[in-house]
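Observations on the model geometry
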Amino acid sequence: MRRLLITGLVASLFVFTVLGTAFAIQILPEPTSDRTFQFLRIEETFKGSPLKVKALVPNAVIVIGSAEDPALMKQAGAIAFMLGQWAHDPGSSVERIRQNATLAPIMLDSEVTEKVISEFNLIVLGSKNRIYGKIKSRLHGKGSFIEVIRDVLVKGRDVMFVSDSKAAFYLANRRLYFKSGAYNGYFNFVKARLLIEKGDLDAAKYLLTSPNAVKGCGKPVMLAIGFKEKMPKELLKVAKKRNVLVFKELNKALTEKNANKAKEVWHRAMTTCYACHQGIDNTKKFRKFTPDRGVHSYHQNIVRSFGENCSLCHYGRTVYRGYVN
Ligand code: HEC
Ligand code: HEC
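Residues numbered from 1 in each chain as written. Chains lettered and ligands numbered in written order. Predicted model: local features only at pLDDT ≥ 70, side-chain atom pairs only at ≥ 80, totals over all residues.

Okay, the overall build of the protein next. Regarding its fold elements, the protein presents 13 helices and 8 strands. For the protein, with 325 residues in total, the buried portion stands at 38%. If you take every contact in the protein between residues at least 6 apart in sequence, the share linking residues at least 24 apart comes to 72%. (Helix = DSSP H or I, 4+ residues; strand = E, 2+ residues; numbered from the N terminus. Buried ≥ 20, exposed ≤ 12 C-beta atoms within 10 Å, placed from the backbone. Contact = placed C-beta atoms within 7 Å.)

If you want it as structure tokens, here you go:
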């Protein structure tokens, strides 16, 4: 089991740096544009009802033309599903329910109004739709590609053009599948620390074993098999260290109801996140891009809802709250 998890984390790093190449998908304008695109945003959901709460909701709508290739149609559904796995909610409101609106972020090109264009980024699939004509002159990709064009239909809104079913397959089954797992892992890792602080060690331990919580980051396991040999040794080492800390030592401390030990192990695990993402502790910075700060900052909402302070976790090696570079 542990072996699988180790492979899993590494998968996320390696597969996703080279997968574009493995799939022969061109990503433009930068090779990480599919990673930094703003797919989600923090917004109130269940609006107009007493359940109103801040959540991660889609910031992008998938658009497809009705005459499009069925293989691409199928991937449109896959993209919406994976986006749904990552978001907390489709951004529902009493008003939208009264309008009998589709809640999932997917539309035919004929349904895309000016209001939609001003409120959302668009993920445009294929060329048989009304948006394509408006963005065509700005596209440079060849073959199967994903290209992000900024400020194209209105200022401040981006369009991600996905050329065909192969590029759409990559977006749904590799990129977004990874994001949902990585972020569920991240937020539940943070929650686990907060629960330890509150003395609820059983709930913290549950988060380590629940399929959609911390183990979410082991999701890309399946994608990894077959790639392990090609991964940098140093990266493997940090990945392994992180997994032993989280799934073995932290689990053990929680089982033994040793809160102080759990806090210490948890912080050592957090140091490994910093090692790979920000390049501390003589580790190379393995993550080559700065992720969407909006989505990442959701962890601060979790912290606030538990009534805790930043310094609970941001001290010592992880005192810096932000990006070193
Ligand atoms: C062995 C190195 C390594 C370790 C350890 C590591 N990460 Fe990562 N992480 C990466 C890399 C590399 C990426 C970018 C992958 C890619 O190219 O899409 C990433 C991406 C992510 C993402 C997705 C960001 C995005 O926008 O795509 C999240 C969330 C994340 N990591 C959370 C964590 C947390 C939380 C920890 C610590 C518990 C952690 N990671 C530990 C290397 C690591
Ligand atoms: C319960 C633990 C915990 C608390 C409390 C906490 N953080 Fe974090 N924070 C983390 C972890 C874990 C990471 C590493 C995530 C990564 O590397 O992707 C992180 C990373 C960050 C980052 C850099 C990556 C990002 O999310 O943009 C910023 C900025 C940040 N924290 C701000 C804050 C602020 C501001 C507060 C107080 C409101 C806070 N954090 C409270 C756990 C915590």
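Glancing now at the site of ligand 2. Among the 20 residues in the neighbourhood of ligand 2, the closest are listed as Cys273, His296, Cys310, Cys313 and Arg321. Every element with two or more residues in the shell around ligand 2 is listed here: α7 (165-197), α11 (259-278), α12 (293-296) and α13 (298-305). When residues in the shell around ligand 2 are grouped by element, the largest group, 4 residues, is from α11. Tallied by class, the residues present in the shell around ligand 2 amount to 9 nonpolar, 7 polar and 4 charged. (Near = placed C-beta within 6 Å. Nonpolar A, V, L, I, M, F, W, Y, C, P; charged D, E, K, R; others polar.)

Close contacts around ligand 1 come from 23 residues, with Ala182, Cys273, Cys276, Arg287 and Pro291 the closest. Broken down by secondary-structure element, the contributors of at least two residues to the shell around ligand 1 are α1 (2-22), α7, α10 (233-255) and α11. Taken together, the residues of the shell around ligand 1 break down into 14 nonpolar, 4 polar and 5 charged.

All right, on to the nonpolar core then. In this structure, Ile62, Ile79, Ile123, Leu125 and Val162 are the most contacted members of the largest nonpolar core, which totals 68 residues. Looking at which element gives the most residues to this core, the answer is α7, with 18 residues. When near neighbours in sequence (up to four residues on either side) are disregarded, isoleucine 62 contacts Ala76, Ile79, Ala80, Pro105, Ile106, Ile123 and Leu125. (Core = buried A, V, L, I, M, F, W, Y, C linked by C-beta atoms within 7 Å.)

In this fold, leucine 139 is placed in the loop between α6 (132-135) and β7 (145-149). Residues leucine 139 and leucine 28 lie 111 residues apart in sequence; the distance between their C-alpha atoms is 9.1 Å. Residues in contact with leucine 139, not counting those within four places in the same chain, are Glu147 and Phe161.

Strand order in the open sheet made by the 6 strands is β1-β7-β8-β6-β4-β5, with mixed pairing throughout. Of all strands in the sheet, those bounded by a partner on one side alone are β1 (26-28) and β5 (106-108). The average angle at which neighbouring strand axes cross in this sheet is 20°, direction not considered. Here strand β6 (residues 121-125) runs beside strand β8 (residues 159-162); their pairing, made up of 4 bridges, is parallel. Counterpart to valine 124 in the pairing with β8 is phenylalanine 161. Each of β4 (60-64), β5 and β6 is contacted by helix α3 (residues 70-86), which is oriented at about 170° to β4, the strand it contacts most. (Pairing = 2+ DSSP bridges. Axes fitted to C-alpha atoms, helices over the stretch in contact; angles between N-to-C directions.)

Moving on, we get to unusual backbone geometry. Cis geometry marks the peptide bond from leucine 28 to proline 29, where omega comes out at -5°. Among the secondary structure elements, proline 29 is positioned in the loop between β1 and α2 (33-36). Located in the positive-phi region is aspartate 151, a residue other than glycine, with phi close to 50°. Inspection of the secondary structure assignment puts aspartate 151 in the loop between β7 and β8. The phi angle at lysine 257 is positive, at roughly 55°, despite the residue not being glycine. One can find lysine 257 in the loop between α10 and α11. The class for lysine 257 is exposed, based on 12 C-beta atoms found within 10 Å.

Here we come to α7. Taking 1.5 Å per residue, 33 residues should reach 48 Å; α7 reaches 47 Å between its end C-alpha atoms and fits that length. Its maximal kink placed at leucine 176, α7 deviates by approximately 30°. Burial analysis of α7 places 29 of its 33 residues in the buried class, the great majority of the element. Residue glycine 199 follows α7 closely and has a positive phi angle near 85°. (Expected span 1.5 Å × (residues − 1). Bend = angle between axes of the 7 residues up to and from the residue.)

Mean pLDDT for the protein: 87, with 87% of residues reaching 70 or above. Between residues 1-21, whose pLDDT stays under 50, and residues either more than four places distant or in other chains, the model counts 55 contacts. Every residue in residues 220-226 is under pLDDT 50, and counting partners more than four places away or in other chains gives 20 contacts. (pLDDT = per-residue confidence, 0-100.)

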